[in-house]
Amino acid sequence: MQEAINHLSAVEPIFNMIIEKYGVPVIPERPQGLETLVLLILEQQVSIDSAKATFLKLREKIKIFKPSVLVDLSDQEFRSVGVSRQKTSYIKALSLAVLSEDVDLESLANKTPEQVREELIKIKGIGNWTIDVYLMFCLQAPDLLPLGDVAVVNTIKELLDIHEKEAMEIHTEKWSPHRSYATFLLWHYYLKKRNRTIVYQY
């Protein structure tokens, strides 16, 4: 962590400002596997707190969190715990991919970020944002910047006055090989400024 802080502070003054103002963030970890991927699907385009509440209702309903159970659950049963029709189809697509062995979630930890992305992107409803977050939180990939994340993009706009994603990509290359830690610092700033606390455990 200190190596990342030293590098980022040397190449980008905003990181010094974030740390001086709000301190060093605690880097959260999430468990690998099906449950976290389902939770990430639920987190797409809604607040983390809202998604977690829906996830906990779903887990309470099915008791045993297995792909075969999720596939057998009716759309109405998903709806009864607050899962939209679209996200129901994504959760079932993921469950079917696991059941048919199109993806082996346990093996992802032994693969490169590029290989993980190549496998997961084939599953309906799992895009780059979901994959980036899974890589960062579950697999501790060190050099990712999820420019599909609204908080990250808005913070870069605010602190660096860069408004085009292509320009963001070019500018942030100098943050490599610690772009994941840079992302955690940007999230830290975004949340602290808004007096928000997120608990990732479930």
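Residues numbered from 1 in each chain as written. Predicted model: local features only at pLDDT ≥ 70, side-chain atom pairs only at ≥ 80, totals over all residues. Heavy atoms only, no water.

Quick word on the overall build of the chain
Reasoning step 1: Scanning the chain for helices and strands turns up 12 helices and zero strands.
Reasoning step 2: The order of α-helices and β-strands along the chain, N terminus first, is α-α-α-α-α-α-α-α-α-α-α-α.
Reasoning step 3: Rg of the C-alpha trace for the chain: 18 Å, near the compact-globule value of 17 Å for 202 residues, within the 12% margin.
Reasoning step 4: Oriented by its inertia axes, the alpha-carbon framework of the chain measures out at about 55 × 35 × 30 Å.
Reasoning step 5: Buried residues in the chain amount to 48% of all 202 residues.
Reasoning step 6: In the chain, of all internal contacts separated by at least 6 residues, the share reaching a separation of at least 24 is 64%.
Reasoning step 7: For the chain, the accessible area works out to roughly 10500 Å², and carbon and sulfur atoms hold 49% of it.
Reasoning step 8: A gap of 8 Å separates the mean positions of the 24 positive and 27 negative side-chain charges of the chain. (Helix = DSSP H or I, 4+ residues; strand = E, 2+ residues; numbered from the N terminus. Rg over C-alpha atoms; globule rule 2.2 N^0.38 Å. Buried < 20%, exposed > 50% of the residue type's maximum accessible area, 1.4 Å probe, protein only. Contact = heavy atoms within 4.5 Å. Areas by Shrake-Rupley, 256 points an atom, 1.4 Å probe, with all protein chains shown as cover. Lys, Arg positive; Asp, Glu negative; His and termini not counted. Charge placed at Lys NZ, Arg CZ, Asp CG, Glu CD.)

Overview of the environment of Leu160
Reasoning step 1: Assignment of secondary structure puts Leu160 in helix α10 (residues 150-160).
Reasoning step 2: Classification of Leu160 as buried rests on a relative accessible area of 18%.
Reasoning step 3: Taking the C-alpha atoms as reference, Leu160 lies 25 Å from Phe137; in sequence the two are 23 residues apart.
Reasoning step 4: Residues in contact with Leu160, not counting those within four places in the same chain, are Glu12, Ile14, Thr155, His171 and Trp175.

Thoughts on helix α8 (residues 113-120)
Reasoning step 1: By the burial criterion, the buried members of α8 are Val116, Glu119 and Leu120. In a view along the axis of α8, the buried residues occupy a sector of 90°, so they form one face of it. Across α8 from its buried face, at more than 90 degrees, point the exposed residues Glu114 and Glu118.
Reasoning step 2: In the core, the buried residues of α8 are packed alongside α3 (34-43) and α9 (128-137). (Arc of directions from axis to C-beta.)

Remarks on the confidence of the model for the chain
Predicted coordinates in areas of low pLDDT are best not read in detail.
Reasoning step 1: Within the chain, residue pLDDT values average 95, and 99% of them lie at 70 or more.
Reasoning step 2: For the chain, helix α4 (residues 48-62) is the element with the lowest average pLDDT, namely 94, and helix α7 (residues 85-99) is the one with the highest, namely 98. (pLDDT = per-residue confidence, 0-100.)

Brief notes about the pattern of salt bridges
If the charged atoms of two oppositely charged side chains come close together, the side chains can form a pair.
Reasoning step 1: In the structure shown here, the tally under the stated rule is nine salt bridges.
Reasoning step 2: With its nearest N and O atoms 2.1 Å apart, the salt bridge here joins Lys111 to Glu119.
Reasoning step 3: Taking the shortest distance from any N to any O, the salt bridge between Lys193 and Glu158 comes out at 2.6 Å. Of the two residues, Lys193 sits in helix α12 (residues 179-193) while Glu158 sits in helix α10, which places them 35 residues apart along the sequence. (Salt bridge = Lys/Arg side-chain N within 4 Å of Asp/Glu carboxyl O.)

Comments concerning the nonpolar core
Reasoning step 1: Of all hydrophobic cores here, the largest spans 68 residues; its most connected members are Val38, Leu120 and Ile156.
Reasoning step 2: Per-element tally for this core: the top contributor is α12, with nine residues.
Reasoning step 3: Sequence-distant contacts of Ile156, that is, excluding residues within four places in its chain, are made with Leu145, Leu147, Asp161, Ile162, Met168, Thr172, Trp175 and Leu186. (Core = buried A, V, L, I, M, F, W, Y, C linked by side-chain atoms within 4.5 Å.)

Structural notes on the packing of aromatic side chains
Reasoning step 1: Scanning all chains against the criterion turns up six aromatic pairs.
Reasoning step 2: Measuring from ring centre to ring centre gives 5.9 Å for Tyr22 and Tyr189, while their planes differ by 70°; the resulting arrangement is edge-to-face. On the criterion of sequence distance, the pair formed by Tyr22 in helix α2 (residues 13-22) and Tyr189 in helix α12 is long-range, its members being 167 residues apart.
Reasoning step 3: Tyr189 gets classed as buried once you look at its relative accessible area, which sits at 5%.
Reasoning step 4: Pairing Phe137 with Trp187 gives two aromatic rings, centres 5.7 Å apart and planes at 40°, and the pair type is tilted. You can see Phe137 sitting in helix α9 and its partner Trp187 sitting in helix α12, a full 50 residues away along the chain. Like Phe137, the residue Trp187 is buried in the burial classification.
Reasoning step 5: Grouped by ring-pair contacts, the aromatic residues Phe137, Phe184 and Trp187 constitute a single cluster.
Reasoning step 6: Cation over ring: Arg30 sits above Phe137, and NZ or CZ is 5.1 Å from the ring centre.
Reasoning step 7: The aromatic ring of Tyr190 is capped on one face by Arg194, whose charged end is 3.7 Å from the ring centroid. (Phe/Tyr/Trp six-rings, centres within 6.5 Å; stacked < 30°, edge-to-face > 60°. Lys NZ or Arg CZ within 6 Å of the ring centre and 35° of its normal.)

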